[in-house]
Every structure is written in structure tokens, then in C-alpha cells.
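Below are the chains, spelled out letter by letter.
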Amino acid sequence: MRLEKYVATSGIASRRSVKKSIHAGLVTVNGEPVLVPGHPIEVGIDTIEFEGKQVEPLAEHIYLMLNKPAGCLTTRHDERGRPTVMDLVSDLSDTIYPVGRLDLETEGLLLFTNDGNFAHRLLHPSHEVEKTYLAWVKGVPRDEAVQRLRAGITIPSGRTAPAKVKRLSVSKDGATAKFEVVIHEGKKRQVRLMFKAVGHPVIRLKRVRIGNLRLGSLPSGQYRLLTADEIAALMS
Ligand code: URA
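Chemist: Which parts of the structure should I look at to understand the site of the ligand?
Modeler: Within the structure, the ligand sits among Leu102, Asp103, Thr106, Tyr133, Arg189, Gln190, Val191, Arg192 and Leu205. Contacts to the ligand include Thr106, whose side-chain N or O atom sits 3.2 Å from an oxygen atom. The contact in question runs from a nitrogen atom of the ligand to an N or O atom on the backbone of Val191, over 3.2 Å. In isolation the ligand has 240 Å² of accessible area, and contact with the protein removes 94% of it. Examining the composition of the shell around the ligand, we find that three residues originate from one element, helix H6 (residues 190-197), more than from any other. Taken together, the residues that form the shell around the ligand break down as four nonpolar, two polar and three charged. The residue makeup of the shell around the ligand includes at least three contributed by each of domain 2 (63-125 + 213-235) and domain 3 (130-210).

Chemist: Can you walk me through the sheet that holds strand E4 (residues 53-54) in this structure?
Modeler: Taken together, the four strands give an open sheet; going across it, the order is E2-E1-E3-E4, and neighbouring strands pair in antiparallel fashion. Edge positions in the open sheet fall to strand E2 (32-33) and E4, since each of these has one partner strand only. With three bridges joining them, strand E1 (residues 27-29) and strand E3 (residues 48-50) adopt antiparallel strand pairing. Residue Val29 lies in a different strand from E3, and its bridge partner there is Ile48.

Chemist: Please clarify how the environment of Asp115 should be interpreted in this entry.
Modeler: The residue Asp115 is located in the loop between strand E7 (107-113) and helix H4 (116-123) in this model. Relative accessible area serves as the criterion here: at 7%, Asp115 is assigned to the buried category. A C-alpha to C-alpha distance of 34 Å links Asp115 and Thr154, two positions 39 residues apart in sequence. Those residues in contact with Asp115, other than ones at most four positions away along the chain, are His61, Tyr63, Tyr97 and Met235. From its side chain, Asp115 meets the backbone nitrogen of Asn117 in a polar contact 3.1 Å long.

Chemist: Help me understand helix H2 (residues 15-23), please; the structure alone is not making it clear to me.
Modeler: In an α-helix, one full turn covers 3.6 residues, which means residues spaced three or four apart are oriented alike. All of the buried residues in H2 are Arg15, Val18, Ser21 and Ile22. Here the buried residues of H2 occupy an arc of 125° about the axis, which is enough to place them on one side. Exposed and facing more than 90 degrees away from the buried side of H2 are Arg16, Lys20 and His23. Buried-residue contacts for H2 involve helix H1 (3-9), E1, E3 and strand E15 (223-225). One or two steps after H2, the chain reaches Gly25, where phi turns positive at roughly 80°.

Reading guide: rules and limits
- Along each chain, numbering runs from 1 in the same order as the chain's sequence is written.
- Reporting in this predicted model follows two pLDDT cut-offs: at least 70 for local features of residues, and 80 or more for side-chain atom pairs to be given and counted; totals over whole chains, interfaces and linings ignore these cut-offs and use all residues.
- No hydrogens and no water enter the side-chain calculation; it runs on all heavy atoms of the structure.
- Distances are taken per atom, and a residue is near a molecule or strand as soon as one of its heavy atoms is within 4 Å of it.
- Nitrogen and oxygen atoms within 3.5 Å of one another constitute a polar contact, given that in protein one can donate a hydrogen and the other can accept it, and given that sequence-neighbouring residues count only through two side-chain atoms.
- For accessible areas, the Shrake-Rupley method is used with a probe of radius 1.4 Å. Any residue's cover is judged against the shown protein chains and nothing else.
- By definition, any uninterrupted DSSP run of H or I lasting at least four residues is a helix, any uninterrupted run of E lasting at least two residues is a strand, and each is numbered from the N terminus.
- All residues other than Ala, Val, Leu, Ile, Met, Phe, Trp, Tyr, Cys, Pro, Asp, Glu, Lys and Arg, Gly among them, are scored as polar; the first ten of these are nonpolar and the last four charged.
- The domain limits used here are those given by an automatic or database domain assignment.
- For two strands to be treated as a pair, DSSP must find at least two bridges joining them.
- Summary of the burial criterion: residues with accessible area below 20% of their type's maximum are buried, those above 50% are exposed, and those between are partly exposed, where the area comes from a 1.4 Å probe applied to protein chains only.
- The contact criterion used is simple: two residues touch if any of their non-hydrogen atoms lie within 4.5 Å.
- Within this analysis, the arc is defined by the directions that extend from the helix axis to the C-beta atoms.

As C-alpha cells, this is what we get:
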């Protein structure tokens, strides 16, 4: 395995700082600094140290969050060669896959793992994990329209469950409004179809929370490994 991948996957530091530390001679293989990120190592045989700390062999499972940009597909492979979320994480591992999906133009928090049990638990409707979205919509929905969204509304795939819907702001020219929407279902294009049903199409959509996990300030297009506490909280 490549040295850089081994160290980054262990979760000891972000991929970017791993690369920097390798170039700075702060990563050693069997006691010798190695300056080449692609240097091959034998997992379980070579001893790797990162800034003086021994790097434990890879965890069996990988869990990470990506800040998905608009315009990339949530799929492992696109036959037509269009950009996919895998392009943004495959330097870390090619065994991981996205947990659920965000549609092409939706941005924000997307989880990846290679732990089928974790993915199953998060996606199963009976677990009702809450997800928070920021939605920018055309026009300014009236209170009555917001009430309908809160109560549950009919979209082509059925009736939505009650949701928390809060108006956060209105643009200066009154042409658009920004909402926070909390749902626990995963109907296809749910948030977009909910606002469409009340006559206010979504122009931008971003997921910022899944359960107790927040996207925070992770830049668009970047990923980070989840901490052990974050994984445990999502599983509980
Ligand atoms: N709701 C949508 O409309 N799109 C998503 O990607 C997620 C939720």
C-alpha cells in the first residue's frame, strides 16, 4: 500500500497534512524518513511513525463525510463518464461507497463507508435519523404554504411526514427566501418536490446535518474521516 494512503486512512491526520509531513521528512518507515508519498509499504510488517507517533494498521472500516459540490453524481460509477462523488474520495479508498444519495444539484453532507451494517442502520426508515437541509427557494412562501409543508404534503411518491420548516431570511429584492428544513424520510427529491408543491421551486439545496453530525466548515469538495465518537453516536 502507498505510504500516504496508509497514514491518511489510519485517521491520524488529514490527507493534506499527511502529504506535507511526508515531504518534510516527519514520516518514517522502519525508523528512516521517507519523502515519497507513494512509497510502497507492507501493512503489518513495516513500522510507520508520523511525527514520532506510531501509526496503527488500518481500521477494518472507514467512515467519512464529504461536502458534495453541486454537479457531481452520487453513484459509484457513471457509464457516461460524468463526474461522480467517487472522484473526490477514491484517493483514500476504493472500497467505500456513499450512504444514501444527494441528487445531482444538491450539495453538502454525504457519508461514505465500507461498513454495510452502518449504512443499513442509517438508511433504514425505522431509525428515522433526522436530516437538516438549507433550501433557497424562488419567491417568498406565505405562512399558509409553510404550514402545509410542516403538516405533510402530497408529492408524486406519496404524502410526506410532518417536518420542521423555518424561514431564515428573505433576499433584499424579495425574489428568494432561505429555509431550514428538518426531515427524517428519504423520499426521492423530497425537499425539492415539497417546495414545488407549494409553488416555490428550490434554486439551491444543501444538506448540513445527519443525526448529530454537522457539516460544519468543511470546504466544498473536501472530505474528512469521522471520529470514533461521531461513529458511535450515529450508530446509537
Ligand atoms: N431532497 C432533495 O430534494 N434532494 C436531495 O438530494 C435530498 C433531499
